[in-house]
Amino acid sequence: EGPPAALGPSATQSFALLIHELWTNALKHGALSQPDGEVKVDWRIERERLIFEWREQAGWPMAAELPARRGFGRQLLERLVPQQLGGRAGLAM
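Parameters at a glance
Numbering of residues starts from 1 in each chain and follows the order in which that chain's sequence is written. Owing to the predicted nature of the model, reporting of local features is limited to residues with pLDDT of at least 70; listing and counting of side-chain atom pairs is limited to 80 or more, with chain, interface and lining totals taken over all residues. No hydrogens and no water enter the side-chain calculation; it runs on all heavy atoms of the structure. Here the nonpolar core consists of buried residues drawn from Ala, Val, Leu, Ile, Met, Phe, Trp, Tyr and Cys, with membership extended through side-chain atoms lying within 4.5 Å. Partly exposed residues are those whose accessible area sits between 20% and 50% of the maximum for their type, while under 20% is buried and over 50% is exposed, using a 1.4 Å probe and protein chains only. Helix and strand labels come from DSSP, where a helix needs a run of H or I of at least four residues and a strand needs a run of E of at least two; each type is numbered from the N terminus. Pairs of residues are marked as contacts when any of their non-hydrogen atoms sit within 4.5 Å. Any two of the Phe, Tyr and Trp rings considered here, Trp counted by its six-membered ring, make a pair once their centres fall within 6.5 Å; the pair's planes then place it as stacked at under 30 degrees, edge-to-face at over 60, or tilted in between. The working definition used for a salt bridge is a side-chain nitrogen of Lys or Arg within 4 Å of a carboxyl oxygen of Asp or Glu.

## As for the nonpolar core
Stage number 1. Counting residues in hydrophobic clusters, the biggest one holds five residues: L18, L76, L77, L80 and V81.
Stage number 2. Broken down by element, the residue count for this core peaks at four residues, all from helix 2 (residues 72-85).
Stage number 3. Among all residues touching L76, those that are not within four sequence positions of it are L17, L18, E21 and V81.

So, in structure tokens, the structure goes:
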């Protein structure tokens, strides 16, 4: 849920890759791997920047902290956003 937002061709391609990876991980390991799991996606524009939030909720207790291992999706998020989109990415539990 959010307002219309326009991205250039390069940013659109990078953003689509991130969304695909987030969705795949949610299906395999996250909230969407559970019958009652949910993904909530919101975005807003602040100072001409897109603020995008992906939140997963599932029917099982979540870990207290992020795993030490950095899988492909986390590496992609932490590298692609700053390098290709000029933004910042973070994960929170």
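## Here we look at unusual backbone geometry
Stage number 1. Backbone geometry at R47 places phi at a positive 50°, although glycine is not the residue there.
Stage number 2. By secondary structure assignment, the location of R47 is in the loop between strand 1 (38-46) and strand 2 (49-57).
Stage number 3. R47 sits in the exposed class, given a relative accessible area of 79%.
Stage number 4. Residue E48 is not a glycine yet carries a positive backbone phi of 65°.
Stage number 5. Structurally, E48 is set in the loop between strand 1 and strand 2.
Stage number 6. We classify E48 as exposed; its relative accessible area is 79%.

## Re the packing of aromatic side chains
Stage number 1. Counted under the stated rule, the structure contains two aromatic pairs.
Stage number 2. Ring geometry for F15 against F52: centres 5.0 Å apart, planes inclined by 85°, an arrangement best described as edge-to-face. A residue pair is termed long-range when its members are at least 10 positions apart, and F15 in helix 1 (residues 9-28) and F52 in strand 2 qualify at 37 residues.
Stage number 3. Between W23 and W54, the ring centres sit 6.2 Å apart and the planes meet at 85°, which makes this aromatic pair edge-to-face. Taken together, the residues W23 in helix 1 and W54 in strand 2 connect sequence positions 31 residues apart.

## Some words on the pattern of salt bridges
Stage number 1. Overall, the coordinates contain five salt bridges when judged by the stated rule.
Stage number 2. A salt bridge links R55 to E53, with the nearest nitrogen and oxygen atoms 2.7 Å apart.
Stage number 3. As a salt-bridge pair, R74 and E78 come within 3.2 Å of each other at their nearest N and O atoms. Taken together, the positions of R74 and E78, both in helix 2 and four residues apart, correspond to about one turn of that helix.
Stage number 4. With a relative accessible area of 16%, R74 lands in the buried category.
Stage number 5. Judged by relative accessible area, E78 falls into the partly exposed class, the value being 29%.
Stage number 6. Look at the salt bridges and you will find they share partners, linking D42, R44, E46, E53 and R55 into a network.

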